[in-house]
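Chains, contacts and geometry: an overview
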Amino acid sequence: MKPFLEAIREKALILDGAMGTMLQERGLKPGQSPEELNLTMPDVVASVHRDYINAGADIIITNTFGGTRFKLSHYGLENRLAEINSRAVEIARKEADGKSYVGASIGPTGQFVEPLGEVSFDAMKDAFREQAQALVSAGADLISLETFLDIKECRAAVIAVREVSSTIPIIAMLTFDDNGRSVLGTPPEAAAITLAAAGADIVGSNCGLGVDGIFDILCRMRSVTSLPLISQANAGLPQLVGDKTIFPGTPEEMTAYHERMIAMGVRVIGGCCGTTPEHIRVMKLALANVQQSWNTQKVTTGATLLSSRSGWTSLGNGAKTAIIGERINPTGKKLYSQELQEGKVAYIRREAIEQVQAGATLLDVNVGAPGIDEISAMERAVFCASGAASVPLVLDSSSPAALEAGLKAADGKVLINSVSGEPKSLKKVLPLAKKYGAAVIGLALDKNGIPDSAEGRLAIARRIRNAARRLGIPDSDIIIDCLTLTVSAEQKRAAETLRAIRMVKEKLGLSTVLGVSNISFGLPQRPLISSAFFAMAMEAGLDAAIINPKDKPMMDSWRSAMVLLNRDHQATSYIEAYRGEQASASVQAPLSNEPLSIRERLTQAVIGGDRDGIVALVEEALKDGMAPLQISNEGFLPGLEEVGRRFDKNIYFLPQVMQSADTMQAGFARLKLEMKGQKFKSLGRILMATVEGDIHDIGKNIVCTLLENHGFEVFDIGKNVSAATIISKAKEHAVDAVGLSALMTTTMSEMDNVVKKLKAAGITTFTMVGGAVVTQEYADRIGADLYARDAMEAVAKVKLLLGVKS
């Protein structure tokens, strides 16, 4: 067979369907590891592959979805990891026999990466590397990363596979909700940008949605990447028929979008939950009648694309000049320097929020204060800034070790600030950009300093670009800083900077950036010089500026220039910013100087996720005479309710919700000390469990945390819990409600079993169900009292069910 990536350029390939449900039908027991069957029932695994190959699958996927050490440890199989994964590839290769490609499946670990979870980036990457090593060594043709919910975890997986092999094709897929984002708030565009930069060869989506929903997701990915795409849709949404979970999507329905998918560059089409060999057979036949030529014209032509967990931005190629907020820098800032010494992040959080509100589209993060551990400080700063704002980050450090720490801590594709034309700098920084999928700012200087002429700066820029090309870093990920010199000292060189910007863009086609405010250092009325030079630089083609976005003259200059340079379509942003203002206004209207009350500051701390500052605020509130219950009800809970409102409006996403919950828990811990053994009045007693046969508990754990924060007493009895244990514990704790979670279609039916047995045992408590595959229709079908699609909805519905007033 031809190499996989060459084959998909000639025609679209059909990938197989569901594995878990097929194994369940053929002997997989509830609660048993599917991957164990590679050792104990290899003929059964082989029969699934055989059926898909006979149906026409061009690619079969190994039975290794849960083959990481994290997942296998649930079954005591972690020490057989290499054997299980290698055997799976061997089984698939034997059945493929040169007729189909063997894709090795790697799924999520069931853990969150720091700071949302407790697993470090390195530990997560090492877990994926271990599995990938076994799969690649056994002869897999490609790696399929599937059903990931967390972009950071998926990014770690891509990087891990690339450490094992620089050439094996990687498919990387996230799962999205019907709101167009992953569970943790990542939009398709940010996912595609991040995964492509990290080294994926094909990006797309699987599970969670039917073919129509997947099509919409892929359309959004196509807008930011020229990579081949993959579609692995579910066969509709699950329904319970009798005691079986059924996916109603017909084989014919699965082919409805084939022509449109092929036209936009989908090169692999397969199925996820509910798809069978019959679905694959019909999909293969339908594809045979579709024109499969693929227009490989690049979607992006020169733009630099950067991403965060929940957002993305485009720089250069006619986009608005990007504003890089410069305020998270300890130079001349005593408060920030002191916080860095103390390991605190309040300043970073505040500046991240305020700069984005002022108009920053990127945030520069610099922690280079004397006498600090810059590596750990950079990690803390990136965690904080990523949680406080949705814009991509710029990692600003001269220390390669600190840069690497920041690259590991980041959620998306960041911009490194910076590399110079010196060989030593190029050798240390560019490999980091390549490995972790980052763009990089190239300074037009070398060991001889900043050249006097634009031609000299152009030569260094060309040297940086060529070095980057040799590592496989695209030109679009190189942004040249032509360097701003102080006009008071070297007046003639300001014009050379502007000339250098034009030359870099015309001769090299690269984007440009400047630290603009340096131009006016040492002069009176600095904003006059800085804003005028800024306007001149934008006319010369400046693509990004490192400035203080809270500086009104600079932002006035930027907004005006964007209109005049036709980068603000119909002056939309300009009108939005200045609607109602008088043209003569020279300063921003003063903000209210009235200080916030202690209650308001407690509320704002919860909303902002200020875990570092919450305890000090509790201390202040106690000193002011507030009772612990007052602090909770009048300070904490209003903040948590506002977080819920922002979550409902897609302003906040799960990471921000958890950050606020963590902050509130820190505050509660201090209040509990004050209460000396007394307990807050409980709003109700809730039992939570993941049903038998299911080892996934991330969603359940989040629900538990939020219920506790809202005042409920929660009894979390874990995962893979039998109906008998649930009934026993419900009686023991005299609970008001029982919450059941399931992630897999193969374990959904156990919810029905538990609900029936609770009723049969005479337990009249309320029941609630949730999980990725659960629906309102399913909850109604099994007689559950409520269904919640996410943790915030669960809290609201439990309150309503139990008659709790918000």
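**Details of the overall build of the protein**
- When its secondary structure is counted, the protein shows 32 helices and 25 strands.
- Taken against the 2.2 N^0.38 rule, which gives 28 Å for 806 residues, the C-alpha radius of gyration of the protein at 28 Å falls within 12% of a compact globule.
- For the C-alpha atoms alone, the extent of the protein along its principal axes is close to 85 × 75 × 50 Å.
- Taking all contacts inside the protein whose residues are at least 6 apart in sequence as the whole, residues at least 24 apart take part in 75%.
- Across the protein, 87 positive and 92 negative side-chain charges occur, with their mean positions spaced 3 Å apart.

**Overview of the nonpolar core**
- Within the largest apolar cluster, 160 residues are counted, with the highest numbers of intra-cluster contacts made by Leu 145, Leu 195, Met 221, Val 516 and Phe 534.
- Considering every element that reaches this core, the biggest residue donor is helix α8 (residues 151–164), with nine residues.
- Residues within four places of Val 516 in sequence aside, it is in contact with Thr 484, Ser 530, Phe 533, Phe 534, Leu 542, Ala 545, Ile 546, Ile 547 and Met 554.

**Quick word on the packing of aromatic side chains**
- Tallying each qualifying case throughout the model produces seven aromatic pairs.
- Relative to Tyr 257, the ring of Phe 215 has its centre 5.0 Å away and its plane inclined at 40°; by these criteria the two rings are tilted. Here Phe 215, found in helix α10 (residues 211–222), pairs with Tyr 257, found in the loop between α11 (251–254) and α12 (258–263); they are 42 residues apart in sequence, far enough to count as distant.
- Judged by centre distance (4.7 Å) and plane angle (15°), the rings of Tyr 336 and Tyr 347 are stacked. Pair noted here: Tyr 336 is in helix α14 (residues 334–342) and Tyr 347 is in helix α15 (residues 346–358), with a separation of eleven residues, a long-range link. In this pair, the class of Tyr 336 matches that of Tyr 347, namely buried.
- Seen from the ring of Phe 215, Arg 260 lies directly overhead, with NZ or CZ sitting 5.5 Å from the centre.

**Some thoughts on the packing of helix α17 (residues 400–409) against helix α18 (residues 423–436)**
- Their axes nearest at 10 Å, the elements α17 and α18 cross at an angle of 10°. One way to sum up the angle between α17 and α18 is to call them roughly parallel. Here Pro 400, Leu 403, Glu 404, Leu 407 and Lys 408 of α17 lie close against α18, whose contacting residues are Lys 428, Val 429, Leu 432, Lys 435 and Tyr 436.
- Residues of the contact of α17 with α18, tallied by class, amount to six nonpolar, no polar and four charged.

**Points about the sheet that holds strand β1 (residues 13–14)**
- The strand order β1-β10-β7-β6-β5-β4-β3-β2 describes an open sheet built from eight strands, whose pairing is parallel. Among the strands making up the open sheet, the edge pair consists of β1 and β2 (59–61).
- Bridge count for strand β7 (residues 229–233) against strand β10 (residues 266–271) is five bridges, and the pairing is parallel. Following the sheet pairing, Leu 229 is matched in β10 by Val 266.

**Thoughts on the sheet that holds strand β13 (residues 322–328)**
- The eight strands lie next to each other as β13-β14-β15-β16-β17-β18-β19-β20, forming a closed barrel whose pairing is parallel. Neighbouring strand axes in the sheet, compared pairwise and without regard to direction, differ in orientation by 25° on average.
- Summarising the sheet, β13 and strand β14 (residues 362–365) pair through three bridges and their orientation is parallel. Considered in β14, the bridge of Ile 324 is made with Leu 362.
- Lying over the sheet, helix α16 (residues 374–388) contacts β14 and β15 (393–396), oriented at roughly 165° with respect to β15.
- Of the strands in this sheet, β18 (478–481) and β19 (511–514) touch helix α20 (residues 493–508), which is tilted by about 160° from β19.

**Concerning α16**
- Counted at 1.5 Å a residue, the expected span for α16 with its 15 residues is 21 Å, and the 20 Å between its end C-alpha atoms agrees.
- Buried within α16 are the following residues: Ala 377, Met 378, Ala 381, Val 382, Phe 383, Cys 384, Ala 385, Ser 386 and Gly 387.
- Its side-chain oxygen 3.2 Å from the backbone nitrogen of Ile 375, Asp 373 forms the N-cap of α16.

**Description of the confidence of the model for the protein**
- Confidence in the prediction of the protein, expressed as mean pLDDT, is 91, and 95% of residues score 70 or more.
- Confidence drops under pLDDT 50 across residues 583–591; counting only partners more than four residues distant or on other chains, this segment forms five contacts.

**Quick word on the pairing of β18**
- Neither face of β18 is open: one carries Ile 478 and Ile 480, the other Ile 479 and Asp 481, and all of them are buried.
- One ladder, built from four bridges, connects strand β17 (residues 439–443) with β18; its direction is parallel. Across the sheet, residue Ile 441 finds its bridge partner in β18, namely Ile 479.
- Taken together, β17, helix α19 (residues 454–470) and β18 constitute a β-α-β crossover, and its handedness is right-handed.
- By the bridge criterion, three bridges tie β18 to β19 in an arrangement that is parallel. Directly across from Asp 481, in β19, lies its bridge partner Val 513.

**Focus: the pattern of salt bridges**
- In total, this model carries 49 salt bridges according to the counting rule given.
- Salt-bridge contacts for Arg 469 lead to Asp 475; the nearest nitrogen and oxygen are separated by 2.7 Å.
- In this structure, the salt-bridge partner of Arg 499 is Glu 496, at a minimum N-O distance of 3.1 Å. Of this pair, Arg 499 and Glu 496 both sit in helix α20, separated by three residues, roughly a single helical turn.

**Describing unusual backbone geometry**
- Pro 115 follows Glu 114 through a cis peptide bond whose omega is 5°.
- Structurally, Pro 115 can be placed in the loop between β3 (101–106) and α7 (121–137).
- Of note, the bond from Asn 417 into Ser 418 is cis; its omega dihedral lies within 30 degrees of zero at 25°.
- Relative to the helices and strands, Ser 418 is located in strand β16 (residues 415–419).
- For Thr 147, which is not glycine, the phi dihedral falls at a positive 65°.
- Its place among the elements puts Thr 147 in strand β4 (residues 142–148).
- Thr 147 gets classed as buried once you look at its relative accessible area, which sits at 19%.
- A positive phi is found at Asn 650, a non-glycine position, where the angle reads about 60°.

Calculation rules
Residues numbered from 1 in each chain as written. Predicted model: local features only at pLDDT ≥ 70, side-chain atom pairs only at ≥ 80, totals over all residues. Heavy atoms only, no water. Helix = DSSP H or I, 4+ residues; strand = E, 2+ residues; numbered from the N terminus. Rg over C-alpha atoms; globule rule 2.2 N^0.38 Å. Contact = heavy atoms within 4.5 Å. Lys, Arg positive; Asp, Glu negative; His and termini not counted. Charge placed at Lys NZ, Arg CZ, Asp CG, Glu CD. Core = buried A, V, L, I, M, F, W, Y, C linked by side-chain atoms within 4.5 Å. Buried < 20%, exposed > 50% of the residue type's maximum accessible area, 1.4 Å probe, protein only. Phe/Tyr/Trp six-rings, centres within 6.5 Å; stacked < 30°, edge-to-face > 60°. Lys NZ or Arg CZ within 6 Å of the ring centre and 35° of its normal. Axes fitted to C-alpha atoms, helices over the stretch in contact; angles between N-to-C directions. Parallel < 35°, antiparallel > 145°, perpendicular 65-115°, else oblique. Nonpolar A, V, L, I, M, F, W, Y, C, P; charged D, E, K, R; others polar. Pairing = 2+ DSSP bridges. Expected span 1.5 Å × (residues − 1). Polar contact = N/O pair within 3.5 Å; in protein donor to acceptor, adjacent residues only side chain to side chain. pLDDT = per-residue confidence, 0-100. Right-handed = clockwise from strand over helix to strand, strands pointing away. Salt bridge = Lys/Arg side-chain N within 4 Å of Asp/Glu carboxyl O.

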